[in-house]
Amino acid sequence: MSEVQVDENNQAALNEDCMISCENLVKIYKTSEVEVVALQGLDFEVKRGELMAIVGNSGSGKSTLLNMLGGLDKPSAGSLFVDGKNLLKFSDRDYMEYKRNTVGFVWQNNARNLIPYLTAVQNVEMPMLLKGVKQRRERALDLLNKVGLLNRANSRLDQMSGGEQQRVAIAIALANSPKLLLADEPTGAVDTKTSRAILDIFKELNKTEGLTIVIVTHDIKLSKHIDRVVAIRDGRISSEIVRKKSYAEELKDLGDISDITEQQSAAEEDEEVQHEELIVLDRSGRLQIPKDYLEALGLKGGDKVKAELDEESGRIHIFKSSE
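Note that the coordinates shown come from a computational prediction; the quantities given were computed from them, not determined experimentally.

J.: In this structure, what is going on with the overall build of the protein chain? I would like to understand it.
T.: Looking only at helices and strands, one finds 12 helices and 13 strands in the protein chain. When each of the 323 residues of the protein chain is scored for burial, the buried share is 44%. Looking at the protein chain as shown, the accessible area adds up to about 18100 Å², and 48% of this sits on carbon and sulfur atoms.

J.: Explain the pairing of strand 6 (residues 103–106) here, please?
T.: Looking along a regular strand, one sees the side chains alternate between the two faces of the sheet. What you see with strand 6 is no split at all: Val103 and Phe105 on one side and Gly104 and Val106 on the other are buried throughout. Taken together, the 4 bridges between strand 6 and strand 7 (residues 180–184) define a ladder with parallel strand orientation. Counted as the bridge partner of Gly104 is Leu181 from strand 7.

J.: Would you mind going over helix 2 (residues 62–69) with me for this structure?
T.: Since there are 3.6 residues in each turn of an α-helix, residues three or four apart along the chain are aligned in direction. A large share of helix 2 lies buried, amounting to 6 of its 8 residues. Listing the buried residues of helix 2 in full gives Lys62, Thr64, Leu65, Leu66, Met68 and Leu69. The positive-phi residue at the C-terminal boundary of helix 2 is Gly71, with phi of around 75 degrees.

J.: Sorry, what's going on with the side chain of Asn176 here?
T.: Inspection of the secondary structure puts Asn176 in the loop between helix 6 (162–173) and strand 7. By relative accessible area, Asn176 is classed as buried at 18%. Apart from the residues within four sequence positions on either side, Asn176 is in contact with Arg100, Pro127, Met128, Lys131 and Val133.

J.: What exactly am I supposed to notice about the nonpolar core here?
T.: Proteins that are soluble and globular tend to have nonpolar side chains buried together. Ranked by size, the top nonpolar core spans 39 residues in total, and within it Val124, Val168 and Ile170 carry the most contacts. Secondary structure elements with two or more residues in this core: strand 3 (51–55), helix 4 (120–131), helix 5 (136–146), helix 6, strand 7, helix 7 (192–209), strand 8 (212–216) and strand 9 (228–233). The biggest single contributor to this core is helix 6, with 6 residues. If near-sequence neighbours (up to four positions away) are discounted, Ile170 is found in contact with Val106, Val147, Ile198, Ile201, Phe202 and Leu205.

J.: Would you mind showing me how to read the sheet that holds strand 4 (residues 77–82) here?
T.: If you trace the 4 strands from one edge of the open sheet to the other, you get 2-1-4-5, paired in antiparallel fashion. Among the strands making up the open sheet, the edge pair consists of strand 2 (35–47) and strand 5 (85–86). Direction of pairing for strand 4 relative to strand 5: antiparallel, over a ladder of 2 bridges. Among the inter-strand pairings, Val82 is bridged to a residue of strand 5, identified as Lys85. In this fold helix 2 packs onto strand 1 (18–30), strand 2 and strand 4, with an angle of close to 65 degrees to the strand it touches most, strand 2.

J.: Hey, could you run me through the confidence of the model for the protein chain in this one?
T.: Detail in the predicted coordinates should be disregarded across regions flagged by low pLDDT. This prediction gives the protein chain a mean pLDDT of 78; 74% of its residues lie at or above 70. This stretch, residues 256–273, has a pLDDT under 50; its non-local contacts, to residues over four places away or in other chains, come to 18 contacts.

J.: What is the right way to read a nonpolar patch on the surface from this model?
T.: A cluster of nonpolar side chains, Tyr29, Val34 and Val36, forms an exposed patch at the surface whose accessible area comes to about 230 Å². Position of Val36 among the secondary structure elements: in strand 2.

J.: In this structure, what is going on with the packing of aromatic side chains? I would like to understand it.
T.: Centre distance and the angle of the planes are the two values used to describe a pair of aromatic rings. Applying the stated rule across the entire model yields 3 aromatic pairs. Between the aromatic rings of Phe90 and Tyr95, the centroid separation amounts to 5.1 Å while the plane-to-plane angle is 85 degrees, which identifies the pairing as edge-to-face. Here Phe90 matches Tyr95 in class, with each residue buried. Seen from their ring centres, Phe105 and Trp107 are 4.2 Å apart, and the 5 degrees between their planes marks the pair as stacked. Each residue in the set Phe90, Tyr95 and Tyr98 is aromatic and connected to the rest through ring pairs, giving one cluster. The residue whose ring lies beneath Lys27 is Tyr29, and the NZ or CZ to ring-centre distance is 5.0 Å.

J.: For this particular structure, what's the right way to read the pattern of salt bridges?
T.: Oppositely charged side chains can pair when the atoms bearing their charge come close. Here the structure, examined in full by the defined rule, presents 12 salt bridges. Between Lys27 and Asp73 there is a salt bridge, with the nearest N and O atoms lying 3.2 Å from each other. With a gap of 46 residues between them, Lys27 in strand 1 and Asp73 in the loop between helix 2 and strand 4 connect regions that are remote in the sequence. Assessed through its relative accessible area of 19%, Asp73 is described here as buried. Each member of the salt-bridge network shares a partner with another, and the members are Arg48, Asp83, Lys85 and Lys179.

J.: Would you explain unusual backbone geometry in this entry?
T.: Negative phi is the rule for most residues except glycine; trans is the rule for most peptide bonds. Residue Gln135 is not a glycine yet carries a positive backbone phi of 55 degrees. Classification of Gln135 by relative accessible area gives exposed; the value is 61%. Here the phi dihedral of Ser177 falls at roughly 50 degrees; this positive angle occurs in a residue that is not glycine. You can see Ser177 is positioned in the loop between helix 6 and strand 7.

Cut-offs and rules
- Residues numbered from 1 in each chain as written.
- Predicted model: local features only at pLDDT ≥ 70, side-chain atom pairs only at ≥ 80, totals over all residues.
- Heavy atoms only, no water.
- Helix = DSSP H or I, 4+ residues; strand = E, 2+ residues; numbered from the N terminus.
- Buried < 20%, exposed > 50% of the residue type's maximum accessible area, 1.4 Å probe, protein only.
- Areas by Shrake-Rupley, 256 points an atom, 1.4 Å probe, with all protein chains shown as cover.
- Pairing = 2+ DSSP bridges.
- Contact = heavy atoms within 4.5 Å.
- Core = buried A, V, L, I, M, F, W, Y, C linked by side-chain atoms within 4.5 Å.
- Axes fitted to C-alpha atoms, helices over the stretch in contact; angles between N-to-C directions.
- pLDDT = per-residue confidence, 0-100.
- Patch = residues over 30% accessible without salt bridge, like charges linked within 9 Å, V, L, I, M, F, W, Y side chains within 5 Å.
- Salt bridge = Lys/Arg side-chain N within 4 Å of Asp/Glu carboxyl O.
- Phe/Tyr/Trp six-rings, centres within 6.5 Å; stacked < 30°, edge-to-face > 60°.
- Lys NZ or Arg CZ within 6 Å of the ring centre and 35° of its normal.

Have a look at this one:
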């Protein structure tokens, strides 16, 4: 028993700079007739204070990962540490404390965050009321100010736009001062301009509060504004899309002018210049090649391939076997 405890402590100590660390993470959903593997040996790390996004097609496993990070679902196997806590060892009470004190969640569906017959400030106060926090009104108004909605504090939700409601949802997720903020398609129901405004709020919270933020999104345009984007395919991390120069550095390089929107848009048009995609080699030596690469090579799942190492250049050449 003590040996296991030592291993857990070592794992946590090794990842002190990480908010999230998982290795060989597996999630299997079982019914009486079928077994579905949603995550199959996923390795993943997020540093403290990082703002990053997860992308992937429907059924790729990204929502499953988000639910486990949020304490809404339990892993089947592997290791998953959040803020130094081993979620595979959690009891029901541990999960309750974790959701109250460590993690905040912003849903795409506002109905899961908001109570429609309450005002904005009353909605933000609700999590604090359940936890017995004092000076709730002061804290709620401060959070609404941070998301740019102080002037709408006493408005009911039916008097607000979709974008305003989503900003209230962000304030609610922050009510109990979480260390990790998870956002599931936070811009899925709003227009492009509002989407950018919501992302700017996440960036500001990340910068000023040091908050670790993980966003799941299908919005490729949105992901262009984030320094690190992880792609999930078939329950594993397949690639990372990393900005060659951070978004903050690019804005600085544009100069000290009041209107930089046009220059930003022009720079964003050429994604290859701004980003590079890195294929991830997992700890078992598995490599997931992006789908468009496979199509270009005329390859599909189950094909036999040859790999040749060019020692001079250090490159590996992959091509379809003729056998």
